[in-house]
Amino acid sequence: MRTVRLSAGQQLTKDELRREGALPREVMESAQAIVDAVREGGDQAVRDYCLKFDGACPQSFRVDESVIQGALDMVDPEFLAALKKAAAQIEEFHQREREESWFMTRPNGTVLGVKVTPVASAALYVPGGRAQYPSTVLMDSIPAKVAGVERVVMLTPRQRDGSLSAYTLAAAAVAGVDEVYAVGGAQAIAAAAYGTESIPAVEKIVGPGNAFVAAAKRYVSGDVGIDMVAGPSEVGILADATADPAVVAADLMAQAEHDPMAACYLVTCDEELPGRVLQAVEALVSQSPREKITRASLDDNGLIVVCDTLDEAIDAMNVVAPEHLELHCADAFSLVGKVRNAGAIFVGAWSSEPLGDYVAGPNHTLPTGGTARFSSPLGVYDFTKRSSVISYSPEGLRADGPAVQAMAQAEGLWAHALSVGMRMRLLDEGGQAFADSAKACEGAMECAWPRKLDEPGVPRL
C-alpha cells in the first residue's frame, strides 16, 4: 500500500488518491455500439452478443418460474435461512424510507402538495459469469417492492458452464422478483432500456456490473432512469491508537478481495498503526483463497494516510468520500457528525462492513469513486417519483398574481403575465367565463402588464 504523510495543517488532495475517474473512451464506444445494435435489432442482436461473449445463448431469455422456485430446494438450508433473515431485515429498514403524498392549504384557500408515485417497472442487474451475488438481488429488489413497483425484473448472465446460479435464483424467489432473464452485459442493459420482442422495457435500471455494464447504463440514462454509474468497490478505515491491527487488516482485505481494481484507504493519526496493519495483512493474505486478487488491489489501489490529529484525519477521509467508511476509534459515535462524505458509515470496532453487505438492513448499493460527495445509497426513493400539485383559489390568485406579472415582465414573457391577468379580469367581472370573449381580449397589453417596471440599473464588472 502506498503511504502519504500529511504535515500539520496539510490537506489531502484528490490528485493523491489517483482515482481513474470517467470510464475509458474505448469502453464507452463499445458499449454504445452494443446498445445501438440491440435497439435496432432486438432479440437477434442480443443473441448475437450472447454467442460472441458467452459462446452460447438460451432458446428463451426468460427463466421459467419453476426453475426460480426450484432453486429454493437446491441450496443449503443454512444459506436459505440466512437469505430469509437478510431479506426480512432489509425490508424492515427500507419500510422506514417510504414517502407519503402530502398537501397543505394556505389561509387564502390555495392547495399545494406532492403526489408520490412508484415507477411502473424496474430492472435490477445482477452480475454473474464468474461470480454470484444473491445479496445484490435482495438489496436491489426489496426497496423496489417496498416502493410499490408493479414489475420488478432481474437480468443476470449465465455461469461459464451455461447454468444459472442457484444462489441468485433462490434470492430472486425470496425477494419476489417478477421476471428473470438470463442475459448479461451491455446487451442486457439495452434490452431493458428499449425493449426487445421478448424482453419488455422498464422505466428504471439499477445494480452493479462491469465497466461495459456501467458504460451502457450511462449511455441509456435519460431514456430510462438509472441509479448510478458504479465503479470498483472501496473502503475507508479511520483508525486511532485503539484500533486492532489484525481487525483493520481483515477489513481492508474484505474489500480488496472483490476486485483487483477495488480501492482501500487507511487514514490514521497513529504513526505506529500502519506498520502493524501491514504485518497483519502479510500474515493473513497468504491464507486467502483470493490471495492474488487481494494483493493486486492492496498493492495497486491501497493508500495509507497518516495525519497529526484525529480531526485532520477526518478531514482527509472527507476528501476520500469512500463508499464504505469504518470508524475504528474511541467514542466513534461522537465522530459521526463530522463525517460529510460517505456512502455508509460503520460505527465502532464491532461494526464489520460485511454486516452491511449482507444482513444489517441498509442498502449495500452505494456511491463509489468519491461520488458520496453528492450521491446517496440506493433506497425506496430511487423507485418513486414526485409530482407537484398546485390548486389556486380566487383569493390566492389575487394574492400571488401581481408578483407573477412583475416577474414575467422582467423576463419579457408577456403571455405568462397575460395568463394571470385574464383570470384576474374574469374575477373582476364576477363570473366563471367572459360574457363577451372579444371584448375580454381588448386592452390585453395593460391586462398583462398593468404597470411598466422601472428600468433596472446596469451592473458593471
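Rules of the game
- Residues numbered from 1 in each chain as written.
- Predicted model: local features only at pLDDT ≥ 70, side-chain atom pairs only at ≥ 80, totals over all residues.
- Heavy atoms only, no water.
- UniProt positions renumbered as here; feature names shortened; annotations may be inferred.
- Helix = DSSP H or I, 4+ residues; strand = E, 2+ residues; numbered from the N terminus.
- Buried < 20%, exposed > 50% of the residue type's maximum accessible area, 1.4 Å probe, protein only.
- Contact = heavy atoms within 4.5 Å.
- Areas by Shrake-Rupley, 256 points an atom, 1.4 Å probe, with all protein chains shown as cover.
- Core = buried A, V, L, I, M, F, W, Y, C linked by side-chain atoms within 4.5 Å.
- Phe/Tyr/Trp six-rings, centres within 6.5 Å; stacked < 30°, edge-to-face > 60°.
- Lys NZ or Arg CZ within 6 Å of the ring centre and 35° of its normal.
- Domains from an automatic or database assignment.
- Pairing = 2+ DSSP bridges.
- Axes fitted to C-alpha atoms, helices over the stretch in contact; angles between N-to-C directions.
- Polar contact = N/O pair within 3.5 Å; in protein donor to acceptor, adjacent residues only side chain to side chain.

- The chain is annotated in an unreviewed UniProt entry as Histidinol dehydrogenase of Parafannyhessea umbonata.
- Taken verbatim from the UniProt record of the chain, the Catalytic activity (unreviewed entry) comment is "L-histidinol + 2 NAD(+) + H2O = L-histidine + 2 NADH + 3 H(+)".
- Taken from UniProt, the Function (unreviewed entry) comment for the chain reads in full: "Catalyzes the sequential NAD-dependent oxidations of L-histidinol to L-histidinaldehyde and then to L-histidine."

**Here we look at the overall build of the chain**
Phase 1 of the analysis: Along its length, the chain carries 17 helices and 14 strands.
Phase 2 of the analysis: For the chain, the spread of C-alpha atoms along the principal axes amounts to about 90 × 65 × 40 Å.
Phase 3 of the analysis: Counting every position in the chain, which comprises 461 residues, the buried fraction comes to 46%.
Phase 4 of the analysis: The long-range fraction of contacts in the chain, counting pairs at least 24 apart against all pairs at least 6 apart in sequence, stands at 73%.
Phase 5 of the analysis: Carbon and sulfur atoms make up 53% of the accessible area of the chain, which totals about 23,100 Å².

**A look at the nonpolar core**
Phase 1 of the analysis: Core analysis: the largest hydrophobic core is formed by 36 residues, its most contacted members being Val137, Leu138, Val149, Met154, Val180 and Phe383.
Phase 2 of the analysis: Contributing elements (two or more residues each) for this core: α4 (77–95), β4 (121–125), α5 (134–147), β5 (151–155) and α6 (166–175).
Phase 3 of the analysis: Ranked by residues supplied to this core, first place goes to α5 with seven residues.
Phase 4 of the analysis: Each residue touching Leu138, except ones within four places of it in the same chain, is listed here: Leu83, Ala86, Ala87, Ile90, Pro143, Ala171 and Ala175.
Phase 5 of the analysis: If you look at the next biggest cluster of nonpolar residues, it comprises 34 residues, including Ala45, Phe61, Ile189 and Ala214.

**Let's talk about the packing of aromatic side chains**
Phase 1 of the analysis: With the rule as written, the count across this model stands at two aromatic pairs.
Phase 2 of the analysis: The interplanar angle of 10 degrees and the centroid separation of 5.9 Å between the aromatic rings of Tyr49 and Phe53 together place this pair among those described as stacked. With Tyr49 and Phe53 both in helix α2 (residues 25–54), this residue pair falls four residues apart, about one helical turn.
Phase 3 of the analysis: Note that Arg39 overlies the ring of Tyr194, its terminal NZ or CZ placed 4.1 Å from the centroid.
Phase 4 of the analysis: Taking NZ or CZ as reference, Arg47 lies 4.7 Å from the ring centre of Phe61, over its face.

**With respect to the domain arrangement of the chain**
Phase 1 of the analysis: What the domain assignment reports for the chain is domain 1 (25–228 + 382–386), domain 2 (232–374) and domain 3 (394–448).
Phase 2 of the analysis: Measuring from the centre of the C-alpha atoms in domain 1 to the corresponding centre in domain 3 gives 49 Å.

**So, the sheet that holds strand β12 (residues 324–328)**
Each strand in a sheet pairs with its neighbour through backbone hydrogen bonds, running either in the same direction (parallel) or in the opposite one (antiparallel).
Phase 1 of the analysis: Taken in spatial order, the six strands of this open sheet run β1-β11-β10-β9-β12-β13, and their pairing is parallel. Since the sheet does not close on itself, it has two edges, and those belong to β1 (2–5) and β13 (344–347), each with one partner. Here the strands of the sheet are splayed against their neighbours by 15 degrees on average, with no regard to which way each runs.
Phase 2 of the analysis: Pairing of β1 with strand β11 (residues 302–306), which is carried by four bridges, proceeds in the parallel orientation. Note that in β11 the partner of Arg5 across the bridge is Val306.
Phase 3 of the analysis: Against the sheet, helix α10 (residues 273–285) contacts β9 (234–239), β10 (263–268) and β11, and its axis sits at roughly 145 degrees relative to β10.

**Overview of the UniProt feature "active site" (unreviewed entry) in the chain**
Phase 1 of the analysis: Here, UniProt's "active site" (unreviewed entry) annotation points to Glu323 and His324.
Phase 2 of the analysis: Position of Glu323 relative to the elements: it lies in the loop between α12 (310–320) and β12.
Phase 3 of the analysis: By relative accessible area, which is 6% here, Glu323 ends up buried.
Phase 4 of the analysis: Ignoring sequence-local partners within four residues, the contact set of Glu323 consists of Pro232, Ser233, Glu234, Ala342, Gly343, Ala344, His364, Leu366, Pro367 and Thr368.
Phase 5 of the analysis: Mapped onto the fold, His324 is located in strand β12.
Phase 6 of the analysis: Taking relative accessible area as the criterion, His324 reaches 2% and is therefore assigned buried.
Phase 7 of the analysis: Filtering out sequence-adjacent residues up to four positions away, His324 remains in contact with Ser233, Glu234, Val235, Gly236, Gln255, Ala344, Phe346, Glu353, Asp357 and Leu366.
Phase 8 of the analysis: Within the local environment of His324, its side chain forms a polar contact with the backbone oxygen of Glu234, the two atoms lying 2.8 Å apart.

**Quick word on α6**
Phase 1 of the analysis: The buried fraction of α6 is high, at seven of ten residues.
Phase 2 of the analysis: If you check which residues of α6 are buried, you get Thr168, Leu169, Ala170, Ala171, Ala172, Ala173 and Ala175.
Phase 3 of the analysis: Close packing links the buried residues of α6 with α3 (65–70), α4, α5, β5 and β6 (179–181).
Phase 4 of the analysis: Structurally, the start of α6 carries an N-cap: the backbone nitrogen of Tyr167 is 3.3 Å from a side-chain oxygen of Ser165.
Phase 5 of the analysis: Immediately beyond the C-terminal end of α6, within one or two residues, lies Gly176, with a positive phi of roughly 80 degrees.

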